[in-house]
Amino acid sequence: SKITVSLIKADVGGLPGHVTVADEHIEKAQENLSIAKDSGLIIDFRVFRAGDDLELVMTHKKGVDSEEIHKLAWDTFEKATEIAKELKLYGAGQDLLSDAFSGNVRGMGPGVAEMEFTERGAEPVIAFMMDKTEPGAFNLPIFRMFADPFNTAGLVIDPNLHNGFVFEIWDIYEHKRVLMNSPEEMYDILALIGAKSRFVIKRVFPKEGGKLPADEPVAVISTEKLYQIAGEYVGKDDPVALVRAQSGLPAVGEVLEPFAFPHLVSGWMRGSHNGPLMPVPFHYSKCTRFDGPPRVIAAGFQLANGRLVGPVDLFDDPAYDYTRQKAVEIAEYMRRHGPFEPHRLPMEDMEYTTLPKVMDRLKDRFESIE
Ligand code: 13P
Ligand code: 13P
Ligand code: MG
Ligand code: MG
Ligand code: MG
Ligand code: MG
């Protein structure tokens, strides 16, 4: 029978500002999910903090978009919000955009990455959790894992990967999706996903006729776009992803390898700046310099009939020290630009800030140039 892994997250209040999640939130989430585990609703769970985002990893047999599972997450975030209000944490309930739960957390503020699949004889799963950036930050690493032979040796030397993968890409402005084949359509895929604030990889599937069922995803990314849902800026939609590995899929080390390059992502201070994505161990999952730089943690598990064996803190390794050092250099370089692009985001991405108001105020003072 199939197992579902659900990773649901929300910012329900930061300590201090947008830096990290309070211990009180972690404890409350653990308490609430323990009750759900004892009742049999979920098989297992783990709670994480990614910067100021509270992250719930849950396994169960209810499938994706389950009302019961989403309600459990929503109730957990509401309970944590009560604590946030009590402790006057910053932005209490920031991502809970609706007062009442109505069946599904999609479009209500929390971010969701979940997939249902047949658990293999050995099932490695990696949960990636980012803070101070947007879903498109996953485009480059996910592409490299499943499509770039210079990243993933298995695409060249493992017959089970040699046929490539199918990418489900969403246009988050038009609310449309397209399925594209790699490597056949690689250049077209890149044409889309290089525009990472608009086109985001939502899922990756194996191809027909391979070792794994073609209708069961092997990777999934949260694509909630907070400022569009909320209609005004309430924080960037710091994304999460789940990736399965090995035996017909990229090896764990191939899944991690793209993060050795601290690529530029949008987010950082006030959700309005480009900066490097820094892979960090759990204990550095707090955003400090200029509310960043943007960072990512990775929790590695083996599944055992839905039981979560782990986590292993995968970026807690000197092998990523060089990347972190590079990220710090890039952060320093970008910061020196102050309010100038391309550190600050372009006008189109600043609609929810004061910039339109500045333009509005000045519009009568603009005169034509002969
Ligand atoms: P081991 O020999 O350590 O099991 O590693 C096998 C492998 O394929 C590593 O990528
Ligand atoms: P978060 O999206 O992580 O809440 O950060 C918002 C922000 O404005 C940081 O400067
Ligand atoms: Mg916040
Ligand atoms: Mg955040
Ligand atoms: Mg955010
Ligand atoms: Mg081995």
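Everything discussed here concerns the structure shown above.
Rules and cut-offs
- Residues numbered from 1 in each chain as written.
- Chains lettered and ligands numbered in written order.
- Predicted model: local features only at pLDDT ≥ 70, side-chain atom pairs only at ≥ 80, totals over all residues.
- Heavy atoms only, no water.
- Helix = DSSP H or I, 4+ residues; strand = E, 2+ residues; numbered from the N terminus.
- Buried < 20%, exposed > 50% of the residue type's maximum accessible area, 1.4 Å probe, protein only.
- Contact = heavy atoms within 4.5 Å.
- Donors = N, O, S within 2.8 Å, 3.2 Å for Na, K, Ca; no water.
- Core = buried A, V, L, I, M, F, W, Y, C linked by side-chain atoms within 4.5 Å.

**Considerations on unusual backbone geometry**
Now for step 1: In this structure, Pro183 follows Ser182 across a cis peptide bond, with omega equal to 10°.
Now for step 2: Residue Pro342 is bonded to the preceding Glu341 through a cis peptide linkage, with omega at 0°.
Now for step 3: Within the fold, Pro342 resides in the loop between α8 (321-335) and α9 (355-362).
Now for step 4: Notably, Trp268 is not glycine yet its phi reads approximately 50°, a positive angle.
Now for step 5: On the secondary structure map, Trp268 appears in the loop between β11 (264-267) and β12 (273-276).
Now for step 6: We classify Trp268 as buried; its relative accessible area is 2%.

**Thoughts on the environment of Val265**
Now for step 1: Turning to its location among the elements, Val265 is positioned in strand β11.
Now for step 2: Take Val265: its relative accessible area is 1%, and that puts it in the buried class.
Now for step 3: Taking C-alpha positions, Val265 is 9.6 Å from Ser197, a pair spaced 68 residues apart along the chain.
Now for step 4: Aside from chain neighbours lying at most four places away, what touches Val265 is Thr133, Ala137, Lys196, His273, Asn274, Gly275, Leu277 and Pro294.

**Focus: the coordination of the magnesium ion (ligand 3)**
Now for step 1: Bound to the magnesium ion (ligand 3) on the protein side are Asp11 (OD), His18 (ND1) and Asp52 (OD), at distances that span 2.0 to 2.1 Å.
Now for step 2: In terms of primary sequence, the donors binding the magnesium ion (ligand 3) are separated according to D-x6-H-x33-D.
Now for step 3: Between the magnesium ion (ligand 3) and the magnesium ion (ligand 4), the interatomic distance is 4.4 Å, and Asp52 donates to each metal, bridging them.

**Topic: the nonpolar core**
When a protein is soluble and globular, its nonpolar side chains tend to lie buried together.
Now for step 1: In this structure, Phe128, Ile142, Phe146, Phe167, Val204 and Phe259 are the most contacted members of the largest nonpolar core, which totals 40 residues.
Now for step 2: Here this core gets 5 residues from one element, more than from any other, and that element is helix α3 (residues 139-147).
Now for step 3: When sequence neighbours within four positions are dropped, the list of residues in contact with Phe259 reads Phe128, Met130, Phe138, Pro141, Met145, Leu277, Pro279, Val296, Phe315, Tyr320 and Thr323.
Now for step 4: Core analysis: the next-biggest nonpolar cluster, separate from the first, contains 26 residues, Ala36, Leu72, Phe77 and Leu96 among them.

No statement about biological role is implied by the geometric values presented.
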